[in-house]
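# Chain and residue survey
Below are the chains, spelled out letter by letter.
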Amino acid sequence: MDYIAALPEILRTPASLWAERVNSNDLDANETLAQQTVHVVACSEFAARVIAHNWRWFLDNAGSFDAPPDGRDLDSMVDEVSALSADKAKTHLRRFRNRFMLRVLWRDLHGLASLDETLQQLSELAERSLDAATSVALRELDDRYGRVRTAAGEEVPIIVLGMGKLGGRELNFSSDIDLIFCYLEDGESDGARATHAQDYFGRLARKIIALLDERTTDGFVFRIDTRLRPFGDSGPPVVSFTALESYLLQHGRDWERYAYVKARIVGRQPPAHIADELHNDLIQPFVYRRYLDYGVFESLRNMQAMIAAEVKRRELADNVKLGPGGIREAEFVVQALQLVRGGSEPELQSRQLQAVLPRLVRSRGLTAEGADALLAAYRFLRRVENCIQAIRDEQTHDLPGDEADRARLCLALGIADWDRLTARLDEHRAAVSQQFKAIAFQGAGDSAGVSGVFSSLWETDATAATWQAALAESDADDAPEIAAAIVSFAESKAMQQTDATARERLQLFMPRLVERIVDADRPLSALRRCLAVTEQVLRRSSYIALLNESDTAMSRFVDLCERSSYIADQLARHPVLLDELLDPRAFSEAVTKDDLVRDLAERIADETDSETRMRLTAQFQRATMFRIAVADFNGELPIMKVSDGLTWLAEVVLDEALRVAWRDLADRHGAPTAGFGIVGYGKLGGLELSYGSDLDIVFLHNASGNTATTAGDRPLEYSMFFARLVRRLMHFLTTQTGSGELYEIDTRLRPDGRSGLLVSGLDGFEKYQEDNAWTWEHQALLRARPVAGDPAIAESFERIRRETLATRVRRDALRDDVMSMKKRMRKELDQSRDGRFDLKHGAGGIGDIEFLVQYLVLRSAGDHESVIEYSDNIRQLDALIKCDVVDAALGRQLQDIYRAYRVRLHHLALDDQPAVTSDTEFVAERQAVSEAWQRWLA
């Protein structure tokens, strides 16, 4: 054949010998097929053998290899094999397997199939072969043993867990398949010879393995490895769910969590409730912790050390799977980041490396460039692995040393020569190693500078006097109090209950903490707050591992706790927020509403359960509020950006809570055709939310009449639907959960206050504004705006607000009403005394500015409608300036003072301090506000 001459010289002879064994003249009429066949035969001795043994079949079917294998072929194979005896099934399975593998290899070598198609098809072949073998094995046992049944008479199925690459649908060309055989519960078989479930399923598993794994004259189907089962080779071949759960809880090791990331039921599928129990109740809790699990990196380093020793012992440097920068390291990088975050971010709980890798960029595990490099390396290494194994259908991962096999590998990969192939391989392996080291060893070297003295003192349970002396040597302020706090923590009940892992992590953590405390400006406050957080996480010490892993996170932790009681309290209540310390954006970036909407959507994507969506929403709210607080306290965000961020966050959360509550009720009762909306008042309406602010909100609908009902199976009158909607919404927002309540809700600004309906119709709301609203309610309306719900409700509310403020304000009594309300509030709320100034309610404070602006806007709204366009003080002052109601210089001065007051308020709140300062502060500012007050309202 002329095409043989085009092959590398070292491959021409074996190709010629193959052509002599088959009737190659059959290919003369099809030049393209002849060329393609020679190429495949030159790359793979396995393919040459299968083609030769199936020559007539090959000639009849090769023309269809341009298309992927048809799933119907696998269905037919399962049906045919299931009806055969064990011996005939073995033969049929092996012949089908070889032909199927030839087709997959043919498409791969000719560039007709992507890597993803190849891995998927090989995985599908393994899974359907398991299905067929299970049917044959069951039938073999039926006559003698029958089927295992529960006490209620229901059949107990065998469950086959696919691990590793089969579980991830990423099977390579000549891989073994890692399986764990298990069953739901104990029982006895119902055949002529009854036997216990353990014995029955053990026999069944052995038959399945023999049907697939035994080598015959036709070869094998798949090699089967069951060593990943509980207790490995020394454990029973099949385990019940109860035994599996017990093993994972009591004996499951770190490396097994990596293995179970890919665990999936394969072959014959059990009823859905059994599959759910296995995955949701047994495997998921073992693999994914509900909290961030930075202890994973410790176990990863330990595993890497063992693997490195094994590589050196077995001389595996040229092994593309186990060697440095190989497939295993790439998998470990991805799986480690999955284990760290997967419990709190369900979208990371994927069995497929290529699917989850892009999601790890958003989750801050990898840079976009690092993820791209890792993915490219992984795909190249997997192709190399497949082509190596395809040479002889052998489970090897070693680069070939034989010149002919090297030529085969280069030809299969389309690379000109061996030197170029190894250069590309070295480049990709270096990229994998770089990512692996960056992830596994990101904080391992940070402890080098830790004081040996502090380490020794903590390890030996030193007394307070010894600690005090060491701290004094380091010139630490408050040395006696710091020493007493350290010893008190060491002797605390929480410390006595820590496990060995936590103690080991604390041995690194505590000396590093003390060393940083010594250099703090307020060391005692910093230590007490840091220890309060530490005490809360001792039972979940992976959070301590997080701080051990990152020197940056540790430094930020101490600094923020020292400066902010609020941040320290948030970390103690919600340790998951410690993860935010790793994100540099948390220290500088402002958030946008679009960012918040997108971030929340990603977190709750594909989640349909209402409680789960709200739990994830609560986590999102805490993390975002924390990020804003950190950036605020670092002075990186202007006050208006802080308030905007906190306000937008509340709006996004309200919108999601409303969406979930509406869906829950609509699914049960049907949805009304009327709309529903939420109006924000006060700080929410004025875009001036702070930390811990409650939400002043009013609920409105536009249903007319009281008799309309929903159209669901359990219809409700609209009024009842909306009342239940509000109650469910309030439940989501205010119920105390593991994450605390989202917001405190205040609905007293609704028409008629506490005595009024919780949700009002627009008609009734408008009539109330016309006939019954007081001046103080008009002041409140001035700071109101729609924040969630139906746009039609928002439009109608804006009209009512505009008309009310422009035409319905009693301006003849306005000044007296405003003065009366301000006087009453100052009497009841002002804390200015004994040299202290109340920023909110004191004379010349924030309250005076707000009341002055509200008075001027309400007084001017009839003549200048533009002054009521916005709901916040700053832009209302802008409008007053433009309308010449307020002098520009005074207006800008009041804005600056207002911002300065609010900055101080925020920082006092962050350090858990009351809104009171020394009366020596803001003297000029208070004077300016008081003069403005005298000008218009005195």
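Preceding block: the structure.
Quick summary incoming for the structure in this document. (Residues numbered from 1 in each chain as written. Predicted model: local features only at pLDDT ≥ 70, side-chain atom pairs only at ≥ 80, totals over all residues. Heavy atoms only, no water.)

Within the chain one finds 41 helices and 14 strands. Counting over 938 residues, the chain shows a buried share of 57%. Here the contacts in the chain between residues at least 6 apart in sequence split such that 74% fall between residues at least 24 apart. Between the averaged position of the 116 positive side-chain charges in the chain and that of its 148 negative side-chain charges there is a distance of 2 Å. (Helix = DSSP H or I, 4+ residues; strand = E, 2+ residues; numbered from the N terminus. Buried < 20%, exposed > 50% of the residue type's maximum accessible area, 1.4 Å probe, protein only. Contact = heavy atoms within 4.5 Å. Lys, Arg positive; Asp, Glu negative; His and termini not counted. Charge placed at Lys NZ, Arg CZ, Asp CG, Glu CD.)

Position of Lys-165 relative to the elements: it lies in helix 8 (residues 164-167). Setting aside anything within four residues of it in sequence, one finds Lys-165 in contact with Ser-123, Glu-170, Leu-171, Asn-172, Lys-262, Lys-321, Ile-327, Glu-331, Arg-382 and Glu-385.

Before going further, it helps to examine the nonpolar core. Ranked by size, the top nonpolar core spans 142 residues in total, and within it Phe-58, Phe-201 and Tyr-260 carry the most contacts. Examining the composition of this core, we find that 11 residues originate from one element, helix 7 (residues 115-145), more than from any other. Apart from residues lying up to four places away in sequence, Phe-58 is in contact with Leu-33, Thr-37, Ile-51, Phe-65, Leu-102 and Trp-106. The next biggest cluster of nonpolar side chains, apart from the first, holds 108 residues, and it includes Ala-462, Leu-577, Leu-725 and Val-726. (Core = buried A, V, L, I, M, F, W, Y, C linked by side-chain atoms within 4.5 Å.)

Moving on: the packing of helix 38 (residues 846-860) against helix 41 (residues 923-936). Packing of helix 38 against helix 41 brings their axes to within 10 Å, and their N-to-C directions diverge by 30 degrees. The hand of the helix 38/helix 41 crossing is left-handed. Two secondary-structure elements touch here, helix 38 through Asp-848, Ile-849, Phe-851, Leu-852, Tyr-855, Leu-856 and Arg-859 and helix 41 through Val-929, Ala-932, Trp-933 and Trp-936. Broken down by class, the residue content of the contact of helix 38 with helix 41 amounts to 9 nonpolar, no polar and 2 charged. (Axes fitted to C-alpha atoms, helices over the stretch in contact; angles between N-to-C directions. Left-handed = near helix turned anticlockwise from the far one by under 90°. Nonpolar A, V, L, I, M, F, W, Y, C, P; charged D, E, K, R; others polar.)

Turning to the pattern of salt bridges, a few remarks are in order. All told, the structure shown has 58 salt bridges when counted by the stated rule. For Arg-72, the salt bridge is made with Asp-70, and the minimal N-O distance between the two is 2.7 Å. Accessibility expressed as a relative area gives 29% for Asp-70, which makes it partly exposed. Through salt bridges with shared partners, one network takes in Glu-766, Glu-770, Arg-799, Glu-803 and Arg-808. (Salt bridge = Lys/Arg side-chain N within 4 Å of Asp/Glu carboxyl O.)

A few words now on the side chain of Arg-613. In this fold, Arg-613 is placed in helix 30 (residues 610-633). Judged by relative accessible area, Arg-613 falls into the buried class, the value being 13%.

On to the packing of helix 17 (residues 368-392) against helix 18 (residues 403-413), then. Where helix 17 meets helix 18, the closest approach of the two axes is 10 Å, and the angle between their N-to-C directions is 130 degrees. Between helix 17 and helix 18, the crossing angle belongs to the class labelled oblique. In this structure, helix 17 crosses over helix 18, and the sense of that crossing is right-handed. Packed against helix 17, whose contacting residues are Arg-383, Val-384, Cys-387, Ile-388, Ile-391 and Arg-392, the element helix 18 presents Asp-405, Arg-408, Leu-409, Ala-412 and Leu-413 at the interface. Considered class by class, the residues forming the contact of helix 17 with helix 18 number 7 nonpolar, no polar and 4 charged. (Parallel < 35°, antiparallel > 145°, perpendicular 65-115°, else oblique.)

Turning next to the packing of aromatic side chains. The description of an aromatic ring pair rests on the distance of the ring centres and on the angle between the ring planes. Taken as a whole and judged by the stated rule, the model has 25 aromatic pairs. With 6.1 Å between their ring centres and 50 degrees between their planes, Trp-57 and Phe-65 make a pair best called tilted. Aromatic pair Tyr-718 and Phe-722: ring centres 6.4 Å apart, planes at 70 degrees, arrangement edge-to-face. Here Phe-722 and Tyr-718 lie together in helix 33 (residues 718-734), a separation of 4 residues that amounts to about one turn. Given a relative accessible area of 11%, Tyr-718 falls into the buried group. According to the relative accessible area criterion, Phe-722 is buried, its value standing at 0%. Taken together through their ring pairs, the aromatic side chains of Trp-18, Trp-55, Trp-57, Phe-58, Phe-65 and Trp-106 make up a single cluster. Its guanidinium or amino end placed over the ring of Phe-220, Arg-97 lies 4.7 Å from that ring's centre, counting from NZ or CZ. Geometry around Phe-837 places Arg-926 over its ring, the cationic atom sitting 4.5 Å from the centre. (Phe/Tyr/Trp six-rings, centres within 6.5 Å; stacked < 30°, edge-to-face > 60°. Lys NZ or Arg CZ within 6 Å of the ring centre and 35° of its normal.)

Before going further, it helps to examine helix 37 (residues 814-829). Along its 16 residues, helix 37 runs 22 Å from first to last C-alpha, staying within 8% of the 22 Å computed at 1.5 Å per residue. Buried residues of helix 37: Leu-814, Val-818, Met-821 and Lys-822, and no others. What you see down the axis of helix 37 is that its buried residues fit within an arc of 100 degrees, all on one side. Opposite the buried face of helix 37, at more than 90 degrees from it, the exposed residues are Lys-823, Arg-824, Lys-827 and Glu-828. On its buried face, helix 37 sits against helix 35 (775-782), helix 38 and helix 41. (Expected span 1.5 Å × (residues − 1). Arc of directions from axis to C-beta.)

Let us look at the environment of Thr-37. Within the fold, Thr-37 resides in helix 2 (residues 31-43). In the structure, Thr-37 is positioned 69 residues away from Trp-106 in sequence and 8.6 Å away in space, judged by C-alpha atoms. Among all residues touching Thr-37, those that are not within four sequence positions of it are Trp-18, Leu-27, Ile-51, Phe-58 and Trp-106.

In terms of burial, strand 8 (residues 676-681) is largely enclosed, as 6 of its 6 residues are buried. Burial of strand 8 is two-sided: the residues Phe-676, Ile-678 and Gly-680 facing one way and the residues Gly-677, Val-679 and Tyr-681 facing the other way are all buried. Judged from the 6 bridges that link them, strand 8 and strand 9 (residues 695-701) form a sheet pairing that is antiparallel. Among the inter-strand pairings, Tyr-681 is bridged to a residue of strand 9, identified as Asp-696. One ladder, built from 4 bridges, connects strand 8 with strand 12 (residues 785-789); its direction is antiparallel. Paired with Ile-678 across the two strands is Ala-788, which belongs to strand 12. (Pairing = 2+ DSSP bridges.)

One turn of the α-helix equals 3.6 residues, which is why residues spaced by three or four share an orientation. A rise of 1.5 Å per residue sets the reference length of helix 9 (residues 197-213), with its 17 residues, at 24 Å; its end C-alpha atoms lie 23 Å apart and thus fit the reference within 8%. Among the residues making up helix 9, those that are buried are Ala-197, Tyr-200, Phe-201, Gly-202, Leu-204, Ala-205, Ile-208, Ala-210, Leu-211 and Leu-212.

Side chains of Arg-668, Arg-714, Arg-724 and Arg-727 sit close together on the surface and give a patch of like positive charge. Take Arg-668: it is sitting in helix 31 (residues 639-669). (Patch = residues over 30% accessible without salt bridge, like charges linked within 9 Å, V, L, I, M, F, W, Y side chains within 5 Å. Areas by Shrake-Rupley, 256 points an atom, 1.4 Å probe, with all protein chains shown as cover.)

We now examine the state of the cysteines. Scanning the entire structure with this criterion turns up 0 disulfides. Cys-561 forms no disulfide, and the closest cysteine sulfur to it belongs to Cys-530, at a distance of 4.0 Å. (Disulfide = S-S within 2.5 Å.)

The next point concerns the environment of Val-630. As for its position among the elements, Val-630 is in helix 30. Distance from Val-630 to Trp-648, taken between C-alpha atoms, is 17 Å for residues 18 residues apart in sequence.

Position of Phe-65 relative to the elements: it lies in the loop between helix 4 (55-61) and helix 5 (71-82). Leaving out residues up to four positions away in the same chain, Phe-65 has contacts with Trp-57, Phe-58, Leu-102, Arg-103, Trp-106, Arg-107 and Leu-112.

Where like charges cluster on the molecular surface, the negative patch consists of Glu-154, Glu-185, Asp-186, Glu-245, Asp-276, Glu-277 and Asp-281. At 3 residues, helix 12 (residues 272-287) tops the list of elements feeding residues into the negative patch. Residue placement: Asp-276 occurs in helix 12. Judged by its relative accessible area of 41%, Asp-276 falls in the partly exposed class.

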